[in-house]
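Structural overview
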Amino acid sequence: MNEYKPYPLQIPQAYPFILVDRILELSENHIKTERSVSEGDLLAVSESYLLENMAQSASALLGFRYRDNLPDLLYLAEVRSSRVRSCPAPGDCIRTDVSLLLAVGGFARVSCHSLIRRTPCADWSPIGDAVLTLAFR
């Protein structure tokens, strides 16, 4: 029997800019992450918070996909399309699904969909979508 070993989060950010708390699902082409928004989050009441959460989730996916040869440089190269319905606030929980659309050379295009839960008893509702391109080396 194989023992489960948690995968370390491979994103280029450090505290206090890490916007991914948990990895819920992970495969070569898909990741589902979660983030509990706190009072100390610097970008919490802006649209850029959600886009950064998506980009970091995508970075974690690429870190897993290329775990045998980790990129030494990875950055957000393009926001091809995005739609943010509202800004997250402290106390909210964000769940982000990222699917790899294309990986060629040092570029990866991903599709991101985020849901938000405003209170622990509330239902999840859509908050934003984006198609991002990440560059890595």
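Coordinates for the structure precede this section.
In this report, the structure presented in the accompanying data block is examined. (Residues numbered from 1 in each chain as written. Predicted model: local features only at pLDDT ≥ 70, side-chain atom pairs only at ≥ 80, totals over all residues. Heavy atoms only, no water.)

With that out of the way, let us pick up the overall build of the chain. Tallying secondary structure elements over the chain gives one helix and six strands in all. Helices (α) and strands (β) of the chain occur, in sequence order from the N terminus, as β-β-α-β-β-β-β. Among the 137 residues that make up the chain, the fraction classed as buried is 36%. Accessible surface for the chain amounts to roughly 7700 Å². Of this, 54% is attributable to carbon and sulfur atoms. (Helix = DSSP H or I, 4+ residues; strand = E, 2+ residues; numbered from the N terminus. Buried < 20%, exposed > 50% of the residue type's maximum accessible area, 1.4 Å probe, protein only. Areas by Shrake-Rupley, 256 points an atom, 1.4 Å probe, with all protein chains shown as cover.)

Let's shift gears to the pattern of salt bridges. Pairs may arise between side chains of opposite charge once their charged atoms sit close together. For the structure on display, the rule yields twelve salt bridges. Between Arg67 and Glu28 there is a salt bridge, with the nearest N and O atoms lying 2.9 Å from each other. Separated by 39 residues along the polypeptide, Arg67 in the loop between helix H1 (47-65) and strand E3 (74-84) and Glu28 in the loop between strand E1 (22-26) and strand E2 (30-36) bring together distant segments of the chain. The class of Glu28 is partly exposed, set by a relative accessible area of 33%. Two residues, Asp129 and Arg85, come together in a salt bridge whose shortest N-O distance is 3.5 Å. Of this pair, Asp129 sits in strand E6 (residues 125-136) while Arg85 sits in the loop between E3 and strand E4 (93-104); the two residues are 44 residues apart in sequence, bridging distant segments of the chain. By sharing partners, the salt bridges in this structure join Asp21, Arg22, Glu34, Arg35 and Arg95 into a single network. (Salt bridge = Lys/Arg side-chain N within 4 Å of Asp/Glu carboxyl O.)

Before going further, it helps to spend a moment on a nonpolar patch on the surface. Judged by side-chain polarity, Leu101, Leu102 and Val104 come together as a nonpolar surface patch covering roughly 280 Å² of accessible area. Within the secondary structure, Val104 sits in strand E4. (Patch = residues over 30% accessible without salt bridge, like charges linked within 9 Å, V, L, I, M, F, W, Y side chains within 5 Å.)

Turning our attention to the packing of aromatic side chains. A complete count under the given rule lists one aromatic pair for this structure. For the pair Tyr66 and Phe136, a centre-to-centre distance of 5.1 Å together with 40° between the ring planes defines the contact as tilted. Here Tyr66, found in the loop between H1 and E3, pairs with Phe136, found in strand E6; they are 70 residues apart in sequence, far enough to count as distant. Here the basic side chain of Arg67 rests over the ring of Phe64, its NZ or CZ set 4.1 Å away from the ring centre. (Phe/Tyr/Trp six-rings, centres within 6.5 Å; stacked < 30°, edge-to-face > 60°. Lys NZ or Arg CZ within 6 Å of the ring centre and 35° of its normal.)

Judged by nonpolar contacts, the single largest core of 25 residues is most densely connected at Leu62, Val98, Val110, Leu132 and Leu134. Looking at this core, the elements with two or more residues in it are H1, E3, E4, strand E5 (107-117) and E6. Among the elements that take part in this core, H1 stands out by supplying eight residues, more than any other. In this view, Leu62 contacts Leu74, Leu100, Ala108, Leu134 and Phe136; residues no more than four positions away in its chain are not counted. (Core = buried A, V, L, I, M, F, W, Y, C linked by side-chain atoms within 4.5 Å. Contact = heavy atoms within 4.5 Å.)

Taken in spatial order, the six strands make up an open sheet running E1-E2-E4-E5-E6-E3, and their pairing is antiparallel. Each having just a single partner strand, E1 and E3 make up the two edges of the open sheet. Pairs of neighbouring strands in the sheet enclose a mean axial angle of 25°, with direction left out of account. Bridge analysis of E3 against E6 gives nine bridges, and the strand direction is antiparallel. If you follow Leu76 over to E6, its bridge partner there is Leu134. (Pairing = 2+ DSSP bridges. Axes fitted to C-alpha atoms, helices over the stretch in contact; angles between N-to-C directions.)

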